[in-house]
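# Descriptive structure summary
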Amino acid sequence: MQPKIRHMREQLLSDNWYTLKKYTFEQQRADGSWQEQSREAYDRGNGAVILLYNRAKKHVVLTRQFRLPVYINGHNGYLIEAAAGLLDNASPEARIRAEAEEETGFRVTQIEKVLEAYMSPGSVTEKLYFFIAEYSDSDRRGAGGGLAEEGEEIDVLEWPFSRALEAVRSGEIEDAKTIILLQYLALNDIFQEKNRC
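Residues numbered from 1 in each chain as written. Predicted model: local features only at pLDDT ≥ 70, side-chain atom pairs only at ≥ 80, totals over all residues. Heavy atoms only, no water.

## Overview of unusual backbone geometry
Put simply, the rule reads: Exposed residues in this analysis have more than 50% of their type's maximum accessible area, buried residues have under 20%, and partly exposed residues fall in between, with area computed by a 1.4 Å probe over protein chains only.
Here Asn 89, not a glycine, exhibits a phi torsion of approximately 70°, which is positive. By relative accessible area, Asn 89 is classed as exposed at 85%.

## Thoughts on the nonpolar core
Taken as a class, soluble globular proteins show a tendency for nonpolar side chains to be buried jointly. Defined as follows: Think of a nonpolar core as a cluster: buried Ala, Val, Leu, Ile, Met, Phe, Trp, Tyr and Cys residues, connected wherever their side-chain atoms sit within 4.5 Å. Secondary structure elements follow DSSP: runs of H or I no shorter than four residues count as helices, runs of E no shorter than two count as strands, and numbering proceeds from the N terminus. The criterion used for residue contact is that any of the two residues' heavy atoms lie within 4.5 Å.
In terms of nonpolar packing, the biggest core is built from 27 residues, with Leu 51, Val 60, Leu 62, Ile 132, Leu 182 and Leu 185 touching the most fellow members. Elements that contribute at least two residues to this core include exactly strand 4 (47-54), strand 5 (59-66), strand 8 (111-118), strand 9 (127-134), strand 10 (155-160), helix 3 (161-170) and helix 4 (176-187). If you tally residues by element for this core, the top one is helix 3, at 5 residues. If we skip the residues at most four places from it in the chain, Leu 182 touches Leu 51, Val 60, Phe 161, Ala 164, Leu 165, Val 168 and Ile 173. In terms of nonpolar packing, the next biggest core, distinct from the first, is built from 15 residues, Ala 48, Ile 50, Ile 96 and Tyr 135 among them.

## A word on the UniProt feature "binding site: Mg(2+)" (unreviewed entry) in the chain
Formally: UniProt positions are given in the numbering used here, feature names are shortened, and annotations may be inferred rather than shown by experiment. Lining residues are defined by having an atom within 4 Å of a point belonging to a cavity or pocket. Those points lie on a 1 Å grid over the protein atoms alone, cavities being sets where a 1.4 Å probe fits but cannot get out and pockets being open sets with protein on both sides within 12 Å along at least five of seven lines.
Those residues carrying the UniProt feature "binding site: Mg(2+)" (unreviewed entry) are Ala 84, Glu 99, Glu 103 and Glu 152 in this numbering. Look at the named residues: they lie 69 residues apart in sequence, but the longest C-alpha span between them is just 12.2 Å, so in the fold they bunch up. Of the annotated positions mentioned, Ala 84, Glu 99, Glu 103 and Glu 152 line the largest pocket. Relative to the elements of secondary structure, Ala 84 occurs in strand 7 (residues 83-86). Since its relative accessible area comes to 13%, Ala 84 is described here as buried.

## Things to note about the pattern of salt bridges
Heads up, the condition is: Here, a salt bridge means any Lys or Arg side-chain nitrogen found within 4 Å of an Asp or Glu carboxyl oxygen.
Under the counting rule described, the total for this entry stands at 17 salt bridges. The shortest N-O distance in the salt bridge between Arg 6 and Glu 26 comes to 2.5 Å. Here Glu 26 lies in strand 2 (residues 19-28) and Arg 6 lies in strand 1 (residues 5-14), a separation of 20 residues in the sequence. For Glu 26, a relative accessible area of 17% gives the class buried. Of the charged contacts in the structure, one is a salt bridge between Asp 175 and Lys 177, with a shortest N-O distance of 2.9 Å. Salt bridges sharing common partners tie together Arg 67, Glu 81, Asp 175 and Lys 177.

## Considering helix 3
Put simply, the test is: An arc is given here, and it is the one of the directions from the helix axis to the C-beta atoms.
Turning to helix 3, its buried residues are Phe 161, Ala 164, Leu 165, Ala 167 and Val 168. In a view along the axis of helix 3, the buried residues occupy a sector of 155°, so they form one face of it. Residues of helix 3 that are exposed and point over 90 degrees away from its buried face: Ser 162, Arg 169 and Ser 170. One or two steps after helix 3, the chain reaches Gly 171, where phi turns positive at roughly 90°.

## Side note on the environment of Leu 20
Here Leu 20 is to be found in strand 2. For Leu 20 and Val 124, which are 104 residues apart along the polypeptide, the C-alpha to C-alpha distance reads 9.2 Å. Not counting residues within four places of it along the chain, the set of residues in contact with Leu 20 comprises Gln 11, Leu 12, Leu 13, Ser 14, Glu 40, Ala 41 and Tyr 42.

## Examining the layout of surface pockets
So the rule is basically this: Grid points are joined across faces, edges and corners, and a volume is the space filled by probe spheres set on the points. Three residue categories are used. Nonpolar comprises Ala, Val, Leu, Ile, Met, Phe, Trp, Tyr, Cys and Pro, charged comprises Asp, Glu, Lys and Arg, and polar comprises the others, including Gly.
In this structure, the largest pocket occupies an estimated 1,500 Å³ of space. In terms of lining residues, the largest pocket is bounded by 41 residues, among which Trp 17, Arg 44, Arg 67, Glu 81 and Lys 177 are the most central. Residues of the lining of the largest pocket, tallied by class, amount to 17 nonpolar, 7 polar and 17 charged.

Have a look at this one:
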């Protein structure tokens with residue numbers, strides 16, 4: 001289904017970190033009439049997220065870092081998340097491998113893409129690429145924690161999978177991308193399978 005759009009105009013509102021634009025356009029309705037609409041869209045590029053899991057220990061690796069937007073919305077600001085980052089003109093696979101090592105300290109080479117999704121399509125253009133990867137203790141290359149020059153100060157959490165699921169139920173984990181990946185592991189019985197391809 002292709003929307004019928006005409007007379008698209010854009011106005012740059014901010015280009016401080018990424019771009020915020022106002023779009024004015026006409027969209028044809030089901031009855032054939034044209035309706036003018038105005039929307040703002042924030043373009044920060046596309047991103048990728050990865051959840052590391054250890055089948056033998058039944059653990060997952062998560063991160064905790066301060067997020068200003070959730071702080072402004074009444075949260076303490078420290079979200080528990082899966083490792084993630086913007087693509088910055090790299091492929092999703094290449095970027096998420098680097099991001100996993102920067103944030104968690106684990107170098108993973110065998111990653112599995114599980115889905116793509118728009119996380120906030122009403123106002124943000126970003127498409128997110130979701131990955132999982134099995135890790136072992138021998139994959140650790142450093143402490144993780146992110147890049148100080150990018151303002152990152154990230155705690156690395158290696159939790160039992162059962163604790164992570166309980167944290168979703170209790171509301172301790174409120175990050176949507178992380179909840180999706182934890183539910184993916186649960187729905188696909190990742191820790192029960194012996195010879196998964």
